[in-house]
Amino acid sequence: MIQLRNVERSYKTGAGATYVLRRINLDIQAGDFVTVMGPSGAGKSTMLSILGMLDDGWAGEYHFLDHAVHKLDRKKRADLNRQYIGFVFQSYHLLDNLTVYENLDVPLSYRNVSRGQRASMVAEVLDRFQIVGKKDLYPSQLSGGQQQLVGVARAVVGNPKLILADEPTGNLHSSQAKEIMELFKKLNDQGTTIVQVTHSEANAAYGNRTIQLFDGWIANDPKNEPVPNTTASIG
Amino acid sequence: MIDALLQDLRYAVRMVRNNPGFSLIVAMTLALGIGANTAIFTLLDQILLRSLPVRDPQQLVQLQFVGSDSGRTSSRGGSPGDYFSYPMYRDLRDRSTVFNGVLATYATQVGVQWHNQPDLATAELVSGNYFETLGVHPAMGRLFVQSDDVVQQAKPVAVLSFNYWQRRFGGDPGILNQTVVINAHPFTVIGIAPKNFHSIVVEDAPDVFATMMMKAEITPGWNDLDNRRSRWLNIFARLKPGVSRNQGEAEINNLWHSIRTDELKDMKVHSATFREKFVEKSRVNLLDGARGFSPLRDVLRTPLLIVMGMVGLVMLIACANVAGLLSVRAVGRMKEISVRYALGARRSRILQQLLIEGLLLGLAGGAVGVMLSPYISALLVQRMASGSPNNLPFSVSPDLRILAFSFVLSLVVSILFSLAPAFHFWRPDLTPALKQQTTTAAGGTMRFRRASVGIQIGLSLLLLFGAGLFARTLYNLRTLDAGFATDHLLTFGIDPKLAGYQPEQIPALYQRLLTTLGALPGVRMAAATNDPLLANNNESTNVTVSGYNAKEDEDMNVEWSIVTPSFFSTLEIPLVAGRGIGEQDGPDAAKVVVINESMARHFFGDPQRAIGQSLGSGAGNGVKMALQIVGVVSDAKHETLRNEVPRTVFVPLLQSKEAGFIPLQFYARTSQAPESTATTIRAALQRIDSGLVPDTMRSMEAQIDDSLNTERMIALLAASFGVLAALLAAVGLYGVLAYSTAQRTREIGIRIALGASRTAVVRLVLSEVAMLVGLSIAVAVPLALSLSRLLRSQLFGVSNNDPWTLAAITGLVAAMALLAAWIPMRRAAGVDPMVALRYE
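A quick note: this is a predicted structure, and the numbers were derived from the prediction, not measured.

Caption draft 1: Structural view of the overall build of chain A. When helices and strands are tallied, chain A shows 7 helices and 11 strands. For the C-alpha atoms alone, the extent of chain A along its principal axes is close to 55 × 40 × 35 Å. For chain A, the proportion of its 235 residues judged to be buried stands at 43%. Long-range contacts, defined as pairs at least 24 residues apart, comprise 67% of the intrachain contacts of chain A with a sequence gap of at least 6.

Okay, structure coming up:
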């Protein structure tokens, strides 16, 4: 499903460039549940942004399904994002001024789904996640766990093939975190590919593969040979 | 698409509702700008742009001739070529073939008596085909037809204006076929004009319409219907369908040359040059008549365009201000918009959402602005109409055109200020935004806010510079020496003919009025003239001066004022040589005149040499030099304070042939506040004859104030807009400095920890202010100097690039900037390094 070849991401600084990702080679198959771990500043979220096509400034090759993402322009990448990918964020990132129902409706409206179809898709997800009773509430009226439940529901409402979750339980109580991870596991069992970033070993245990990032390099990937540790910045 | 629009509209409404304070500030800022623009445009539209409410106004043309003429012009403004004599009108009406009707009009004042109650009313003397040619239909009864206007004094019929019918007759339909007394003559009311039609003269709102053939009754003592050399009519015509103005002009000029050739035959004396200018070089132009005739349009065009330009600047400032506010809010919305992008929103959809939010605020501001605008318009109309707004037929309520203007304006400014946040969200860096690591738009926002504040400072300097120039103009005019004492002077008009007096009774009545006035308690002296001062009036004629050989093309036109004895002493116009006009200058005494200093110096070189010389009224060899100059008085401003003093001849009333025909303007020099004697004077007039209605009794100071209405209006508006702009800019500047100082807290803390003094920190903030304000001023000053050229025609006694005004305004803007920077500077100087560094 995903192939990264020599993907690098750097930011210009006064004297040169600072690399946040170095020579990333990664293969993810459809149906995988991959966990990305590593210390702060290792490049985990940047990698997730690249996978989710939110970031344009990288170099290298990226194949997603049958598409050579590195050859696509910004607009086509955004189209792929809309069609295949759902996001879950650590801080939930629900839109404060919208109700639960509207938050679930928003991504569909961006996909030009007709109003009637949107209504049935949202209703189905509300039912599936058992949050029908909360559909008219605003995010501020929900607990953190409930907000993240809506966040996950929003990620899956468009039936994505890939869910990218950036520390999805980082702000949650352990019991709420467990609930969310069970949900991910269930989605993965139903065929959705999941890539999560987490610091939690317990959460990582829900996945079938854990990649370690360190200073922008892949330090450990069970499917590949580890790359020797190198300095992350060049002048 | 529609679904997405509705969805974004729903969210936008919610955004507005959830941020009521912010929305209110934005809407009110826009309301001020849109309200002011709507108000000014309401007037500009009616005065400069709007067509008459008549059938096919685009077919109407106004006739205007160019070329020499001789005789007398009774003008009420505009060009002398706008006025024709009645015989000329008759020729043009009966002999032209390109028109479907040629109409004539003349405005005057009449006395209307109804149930023994006298009242002064405005009247329009019109040709019988006036309403028919315009395609106007009556509200009730019937309007004039050509057969009403065939024989002089044969059909005394009148049409009332809708407003006058409502005001004076309570809208009573029974007024039809009733008799009202106009200038002591009975007239039968035959109809009521439609509500929306006032006159073909845009700023006129006549109460009564009468036909040309009744001129002797409407303008007693002055008929001139058969006098070819007395020009007093404005002529309009309706082109036949399919005839262009050029075709019309070609035909009418053939006719015009034939008319002029015939007229020349009746003139006894003329030179070859005169003949050439009178016939060959004379022509009639057909001007666009769709908007009617409007001397006021010429007077107000530049001031209105200037004011429109100023409110345009205010709108830009409001727009920049709102853009600044929205860009600040954009920082807070970075997460929301990044999430929307992450959820798959296209850029166009984000832009659509921002535009809808902007439009909602813009339209809310527009709606409040439209509600405010009638109050602003009413204030302006009141200013323009010397405190009696009923005299001007301008509506202050916005109609469909104005609503459309406001809607488009709201739309345009909404799009403009909505682009500010759109600019921040065009290519956001999503990764850090979604990680909530930073407000990624901060750098761009600060640049944008600085630019927005810089624009506001620059624009407010432009407005304040304009305001400064107009304020100095007003001051210069207000403090100008008019050449006579303007204080303790009460003035009013009396027209005995409107109360039914016959010409032979009038001189004696005037004498009695002056004696009575002079004897009233509180009145020191009284006098009168047919040619009031500082009232936009002129009574000019050509003269021949003994011993002076005029060149062929020399302008021998002088002001010809008929005055009563004691005129100069009452007005306190100093005598320069000889004597003034006294009681001894009666009808049987030797004919004498007094002239002013300008005239004496022009014709005689020295006032003393003028004494004993003679002059005559008219031009050519046949003029009798019957008038001896017995005195020279110093110059006094005449038509307006701005105009040059004209060469003037003062003629004793009792020696004038017109003594029994002319209305007079009376002046009473009072020993106390002039207004306090008004009641005494009214009572005295009542005692003499209750039918004598004084016209506009007021002090000379009040009259001067009224004559400066336009100047005061512009100065007031410019100052208001300038102050408003400066306040908006100051608040914007404060916002930028407060924000940037807060952002630099850590830097300031480190500097202080490293030993920087408080003064050095203040200097740090000051340098930012100096940079921003200095750059704005550097751009705005050349722009102000360049734009101020457009104001030149409206200034008096001050140059359009006056360095003192510019320096003062620049200083004011700099002071305002320092004031705005005061709190951020104090805050910066008060940073505690320990707290600042620990915080970071």
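Caption draft 2: The overall build of chain B, seen in detail. Within chain B, the regular secondary structure consists of 25 helices and 23 strands. Projecting the C-alpha coordinates of chain B onto the three principal axes gives extents of approximately 105 × 60 × 60 Å. Expressed as a percentage of its 840 residues, the buried residues of chain B come to 45%. Within chain B, contacts between residues separated by at least 24 positions form 82% of all contacts whose residues are at least 6 apart in sequence.

Caption draft 3: Expanded view of the interface of chain A and chain B. Between chain A and chain B, the contact holds 21 residues from the first and 21 residues from the second. Going through the elements one at a time, helix 1 (44-51), helix 2 (74-84) and helix 3 (100-110) of chain A are the ones with two or more residues in the side of chain A that touches chain B. When residues of the side of chain A that touches chain B are assigned to their parent elements, the largest contribution, 4 residues, is made by helix 3 of chain A. Looking at the side of chain A that touches chain B residue by residue, the class counts come to 9 nonpolar, 8 polar and 4 charged.

Caption draft 4: Spatial organisation of the sheet that holds strand 10 (residues 217-220) of chain A. Residue and element names in this part refer to chain A. Strand order in the open sheet formed by 6 strands is 6-7-8-3-9-10, and the pairing between neighbours is mixed. Because the sheet does not close on itself, it has two edges, and the strands there are strand 6 (85-88) and strand 10. Within this sheet the neighbouring strands show an average axis-to-axis angle of 25 degrees, counted without direction. Here strand 6 pairs with strand 7 (residues 162-166) via 4 bridges, running parallel. Across the sheet, residue Val-88 finds its bridge partner in strand 7, namely Ala-165. Seen against the sheet, helix 1 touches strand 3 (33-37), strand 7, strand 8 (193-197) and strand 9 (209-214) and runs at an angle of roughly 150 degrees to strand 8.

Caption draft 5: Region of interest: helix 1 (residues 2-18) of chain B. All names here are of chain B. With 17 residues, helix 1 extends 24 Å between its outermost C-alpha atoms, agreeing within 8% with the 24 Å of an ideal straight helix rising 1.5 Å per residue. Every buried residue of helix 1 is listed here: Asp-8, Ala-12 and Met-15. Burial along helix 1 is one-sided: seen end-on, the buried residues are contained in an arc of 55 degrees. Those residues of helix 1 that are exposed and aimed more than 90 degrees away from the buried face are Ile-2, Leu-6, Arg-17 and Asn-18.

Caption draft 6: Structural view of the domain arrangement of chain B. Residues and elements named next belong to chain B. Per the domain assignment, the segments of chain B are domain 1 (1-50 + 295-440), domain 2 (60-290) and domain 3 (489-671). Computed from C-alpha coordinates alone, the two centres of domain 2 and domain 3 are separated by 31 Å. Of the residues belonging to the side of domain 2 that touches domain 3, the class tally is 7 nonpolar, 5 polar and no charged.

Caption draft 7: Structural detail: helix 2 of chain A. All names here are of chain A. Buried within helix 2 are the following residues: Arg-77, Ala-78, Asn-81 and Arg-82. Buried positions in helix 2, seen along its axis, are confined to an arc of 140 degrees and lie on one side of it. Among the structural elements, strand 6 and helix 3 are those in contact with the buried residues of helix 2.

Caption draft 8: Local environment of the environment of Ser-740 of chain B. Residues and elements named next belong to chain B. Among the structural elements, Ser-740 can be located in helix 21 (residues 709-743). Residue class for Ser-740 comes out partly exposed when judged on the 16 C-beta atoms lying within 10 Å of it. Measuring from C-alpha to C-alpha, the distance between Ser-740 and Pro-824 comes to 9.0 Å, with 84 residues separating the pair along the chain. Apart from residues lying up to four places away in sequence, Ser-740 is in contact with Met-446 and Glu-768.

What counts, and at which threshold
- Positions within a chain are numbered from 1, following the residues in the order the chain's sequence is written.
- Chains and ligands are labelled sequentially in the order written, the chains with letters from A and the ligands with numbers from 1.
- With the structure being a predicted model, the display of local features is reserved for residues of pLDDT at least 70 and the display and counting of side-chain atom pairs for 80 or more, all residues being used for whole-chain, interface and lining totals.
- Helical segments are the DSSP runs of H or I of at least four residues, strand segments are the runs of E of at least two, and each set is numbered from the N terminus.
- Three exposure classes are used, all based on how many other C-beta atoms lie within 10 Å of a residue's own C-beta (placed from the backbone): buried at 20 or more, exposed at 12 or fewer, and partly exposed between those limits.
- Here, residues touch in the contact sense if the C-beta positions derived from the backbone fall within 7 Å of one another.
- Note that Gly is not counted as nonpolar here; it falls among the polar residues with everything else outside the nonpolar set of Ala, Val, Leu, Ile, Met, Phe, Trp, Tyr, Cys and Pro and the charged set of Asp, Glu, Lys and Arg.
- Note on pairing: two strands pair once DSSP finds at least 2 bridges between them.
- For helices, the axis comes from a line fit to the C-alpha atoms of the stretch in contact; other axes are also lines fit to C-alpha atoms, and the angle between any two N-to-C directions lies between 0 and 180 degrees.
- Working rule for helices: expected span equals 1.5 Å times residues minus one.
- Arc definition: it is the arc formed by the directions from the helix axis to the C-beta atoms.
- For the domain bounds, the source is a domain assignment made automatically or taken from a database.

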